[in-house]
Amino acid sequence: MLQSPIIDNFNRRTLRRTVNPATKVISVTDLKAYLKIDGTDEDTILGYLIDAATDLAEVYCRRAFISQTFKLTMDGFSGIAVDDLLGAGVYNLPRGNFGNANFIELMRPPIVSITSITTYNTANTSAVFSSASYMLDINGGRVCLNDGYAWPTALRNKAAVEIIYVAGYGSTTADVPSGIRTAVMMQAASMYECRGSADLVAAAQGLLDPFRLLDDLMA
C-alpha cells in the first residue's frame, strides 16, 4: 500500500493509496512479447515486475498513471501559524505560507475527482465538508474554496483533515501516455533480465523525464 509523507514543522501531509488501479500500465502479454517469452510459467513473476516497475515510475514522476484512489491526511488547512512562528514586524514571504489558503494542492496528479473532504473537531467528531463549498481545479490539481465559503475551524491539532480523491490519466492502459508505458516496459524487462537490480534504468528515466514533477505539490 503506497504511503508518501510530506512533513514540515507546521502541517504533516500523508498520502495513502486506498484503492489500487483496476488494471496494469502494460499487460503481461505485452511484456512477454517484448522479452520474447513463450509459455505461461513466468506470468505471475512478470506481473510482479510490472507492478514494481510501475511503482518506481510513479514515485519518480510523482504522478498516478492508471486511475486510483488516495487519502490525503493533513494536520490542518493552513501551513504556518504566524503567531506561533514570527514576532511583530513586516515580512516579505510567499502568500501561501500564511493563514488558511483558499486552495489545497493535491499530490499525484492528474486529479480526476474529489470523493470527500472530512474534518475532525477538538472532540474527535468527524464532519463531511459540503461539496457545494469547493471546486476541483483539474488543470492545477487543486481543491479551491468557492466564493463566500471558508474552511472549517475549531479542529483538532493533528490529522484534522482527510481528503479522498481519484487520480490518474484514466482507467485503461490506452489512457496512459505511450512514453510512460514504454518506460515501464523497459524497467520491468531490465528487472527480469538483471535479477536483483531495482534501479531505474537510464532509458526509462529519459522517457519519464518529460512527465516528472519537480515536487509533490506541483501539478
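Below is a summary of the structure that appears in this document. (Residues numbered from 1 in each chain as written. Predicted model: local features only at pLDDT ≥ 70, side-chain atom pairs only at ≥ 80, totals over all residues. Heavy atoms only, no water.)

### Examining the side chain of E162
Consideration 1: Mapped onto the elements, E162 comes out in strand β9 (residues 161-167).
Consideration 2: Dropping the residues within four chain positions of it, E162 is found in contact with K71, L72, T73, S116, I117, T118 and Y120. (Helix = DSSP H or I, 4+ residues; strand = E, 2+ residues; numbered from the N terminus. Contact = heavy atoms within 4.5 Å.)

### Remarks on the nonpolar core
Consideration 1: Counting 27 residues, the largest nonpolar core has L31 and L46 as the members making the most contacts within it.
Consideration 2: At eight residues, the largest contribution of residues to this core is made by helix α4 (residues 178-193).
Consideration 3: For L31, the contacting residues outside a window of four places in its chain are I26, L46, I50, M185, A188 and A189.
Consideration 4: Ranked by size, the runner-up nonpolar core spans 24 residues in total, among them F70, F77, L155 and I163. (Core = buried A, V, L, I, M, F, W, Y, C linked by side-chain atoms within 4.5 Å. Buried < 20%, exposed > 50% of the residue type's maximum accessible area, 1.4 Å probe, protein only.)

### Digging into the packing of aromatic side chains
Consideration 1: Scanning the model with the defined rule gives four aromatic pairs in all.
Consideration 2: Between F129 and W151, the aromatic rings sit 5.6 Å apart at their centres with planes inclined by 45 degrees, giving tilted as the arrangement. Of this pair, F129 sits in the loop between β6 (126-128) and β7 (134-137) while W151 sits in the loop between β8 (142-145) and β9, placing them 22 residues apart in sequence.
Consideration 3: By relative accessible area, which is 4% here, W151 ends up buried.
Consideration 4: Through successive ring pairs, a cluster of aromatic residues spans F77, F129, Y134 and W151.
Consideration 5: One cation-aromatic arrangement involves R156 over Y120; the distance from NZ or CZ to the ring centre is 4.2 Å. (Phe/Tyr/Trp six-rings, centres within 6.5 Å; stacked < 30°, edge-to-face > 60°. Lys NZ or Arg CZ within 6 Å of the ring centre and 35° of its normal.)

### A closer look at helix α1 (residues 28-35)
Consideration 1: Taken together, the buried positions of α1 are occupied by V28, L31, K32 and L35. Mapping the buried residues of α1 onto a view down its axis gives an arc of 100 degrees, with all of them on the same face. Pointing more than 90 degrees away from the buried face of α1 are the exposed residues T29 and A33.
Consideration 2: Buried-residue contacts for α1 involve α2 (43-61) and α4.
Consideration 3: Positive backbone phi, approximately 60 degrees, marks K36, located one or two places after α1. (Arc of directions from axis to C-beta.)

### Digging into the pattern of salt bridges
Consideration 1: Per the stated rule, a full pass over the model turns up eight salt bridges.
Consideration 2: One salt bridge connects E42 with R195, and the closest N-O pair in it is separated by 3.9 Å. With E42 in the loop between α1 and α2 and R195 in the loop between α4 and α5 (202-208), the pair connects residues that are 153 residues apart, well separated along the chain.
Consideration 3: Residue class for R195 comes out exposed when judged on its relative accessible area of 58%.
Consideration 4: A salt bridge links K71 to E162; the shortest N-O distance between them is 4.0 Å. On the criterion of sequence distance, the pair formed by K71 in strand β3 (residues 68-74) and E162 in strand β9 is long-range, its members being 91 residues apart. For the pair shown, K71 and E162 are each scored as buried.
Consideration 5: Members of the salt-bridge network, linked through shared partners, are R17, D55 and E58. (Salt bridge = Lys/Arg side-chain N within 4 Å of Asp/Glu carboxyl O.)

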